[in-house]
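These are the residues of each chain, in order.
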Amino acid sequence: MKNGYRSLFLRALRDQSGQVLPWMAMLLIVFGMAGLTLDLGHAYVSYRELQASTDAAALSGAYAMAQPGATQTTVTTAVAAYSSQAGGANINGNLPNATVTSVVYHCVSFVTTTLGVPCSGALASNAIQVTQKVTIPTMFIKMLGPKAPQTLTMTAVSTAAVHGAVPAQYNVAM
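What you are looking at is a predicted structure, and each value in this text was computed from that prediction instead of being measured. (Residues numbered from 1 in each chain as written. Predicted model: local features only at pLDDT ≥ 70, side-chain atom pairs only at ≥ 80, totals over all residues. Heavy atoms only, no water.)

**Q** What is the right way to look at the overall build of the protein chain in this model?
**A** Scanning the protein chain from terminus to terminus reveals 4 helices and 3 strands. Reading the protein chain from its N end, one meets helices and strands in the order α-α-α-β-α-β-β. Whereas a compact globule of 174 residues would reach a radius of gyration of roughly 16 Å, the protein chain reaches 28 Å, over 25% beyond that. For the C-alpha atoms alone, the extent of the protein chain along its principal axes is close to 90 × 40 × 30 Å. The 174 residues of the protein chain split such that 26% are buried. Looking at the protein chain alone, contacts between residues at least 24 apart form 63% of all its contacts between residues at least 6 apart. (Helix = DSSP H or I, 4+ residues; strand = E, 2+ residues; numbered from the N terminus. Rg over C-alpha atoms; globule rule 2.2 N^0.38 Å. Buried < 20%, exposed > 50% of the residue type's maximum accessible area, 1.4 Å probe, protein only. Contact = heavy atoms within 4.5 Å.)

Below, the structure written as structure tokens:
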């Protein structure tokens with residue numbers, strides 16, 4: 001009996017017919033993993049670009065809040081100017097149709113106690129929170145089947161505080 005299994009195994013090793021099937025199955029797995037890696041890598045890079053753009057928009061809004069006579073309109077215009085949405089300074093090909101979904105004003109007690117910036121002015125706040133959203137298409141994930149996602153939606157949130165403290169000189173040795 002052992003000799004029968006051995007001859008069957010040796011015959012299967014020498015026989016070359018049907019070798020395409022296992023190779024194709026293996027290549028499909030390899031190409032599927034490569035495609036998944038490319039899509040997720042693209043999504044990661046796009047998210048980092050969206051987060052950087054949202055950070056810039058929040059900082060711009062916080063700066064606009066510190067200006068004399070700041071209104072909700074001037075701050076929102078400053079946020080839009082540094083966002084990734086159309087017309088913004090951080091528009092990017094990886095972020096098609098990015099939008100600023102919300103601009104929220106906060107009165108943060110930590111900013112008041114640490115930086116000495118009270119919640120005053122027309123906005124009665126000392127911090128701003130900006131949210132941007134983008135939907136990016138997938139290239140390879142959508143080929144995995146009809147239930148696979150065709151797009152990935154990403155949201156980035158950034159908060160910045162108004163810095164209205166008096167500038168101080170520091171002795172720094174290099």
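**Q** Would you explain the confidence of the model for the protein chain in this entry?
**A** Atom-level detail of predicted coordinates should not be read off regions where pLDDT is low. For the protein chain, mean pLDDT is 85; residues scoring 70 or higher make up 91% of the total. Helix α1 (residues 2–14) is the least confidently modelled element of the protein chain, averaging 73 in pLDDT, while strand β2 (residues 127–137) averages 94, the highest of any element. (pLDDT = per-residue confidence, 0-100.)

**Q** Whenever I open this one, a nonpolar patch on the surface confuses me. Can you help?
**A** A grouping of V20, W23, M24, M26, L27, V30 and F31 is seen on the molecular surface, where their side chains present a nonpolar patch of about 730 Å² in accessible area. Of note, W23 is situated in helix α2 (residues 20–66). (Patch = residues over 30% accessible without salt bridge, like charges linked within 9 Å, V, L, I, M, F, W, Y side chains within 5 Å. Areas by Shrake-Rupley, 256 points an atom, 1.4 Å probe, with all protein chains shown as cover. Salt bridge = Lys/Arg side-chain N within 4 Å of Asp/Glu carboxyl O.)

**Q** Got a minute to help me understand the nonpolar core in this structure?
**A** One broad rule of soluble globular proteins: the nonpolar side chains tend to lie buried together. M65, V75, V79, Y105, I128 and V130 are the most contacted members of the largest nonpolar core, which has 17 residues in total. Listing elements by their share of this core, those giving two or more residues are α2, α3 (72–81) and β2. If we ignore the near neighbours within four places in the chain, the residues touching V79 are A57, S60, G61, V100, V103, I128 and V130. Membership of the second largest hydrophobic core comes to 8 residues, among which are L95, A98, V134 and M154. (Core = buried A, V, L, I, M, F, W, Y, C linked by side-chain atoms within 4.5 Å.)

**Q** Just to check I follow, could you spell out the state of the cysteines for this structure?
**A** The term disulfide refers to a covalent linkage connecting the sulfur atoms of a pair of cysteines. Counting across every chain of the model gives 1 disulfide. A sulfur-sulfur separation of 1.7 Å characterises the disulfide bridge that pairs C107 with C119. In this structure, the disulfide formed by C107 and C119 twists by about 100 degrees around the S-S bond and is classed as right-handed. Taken together, the residues C107 in the loop between β1 (99–106) and α4 (109–115) and C119 in the loop between α4 and β2 connect sequence positions 12 residues apart. Of the residues examined, C119 reaches a relative accessible area of 25% and is grouped as partly exposed. (Disulfide = S-S within 2.5 Å.)

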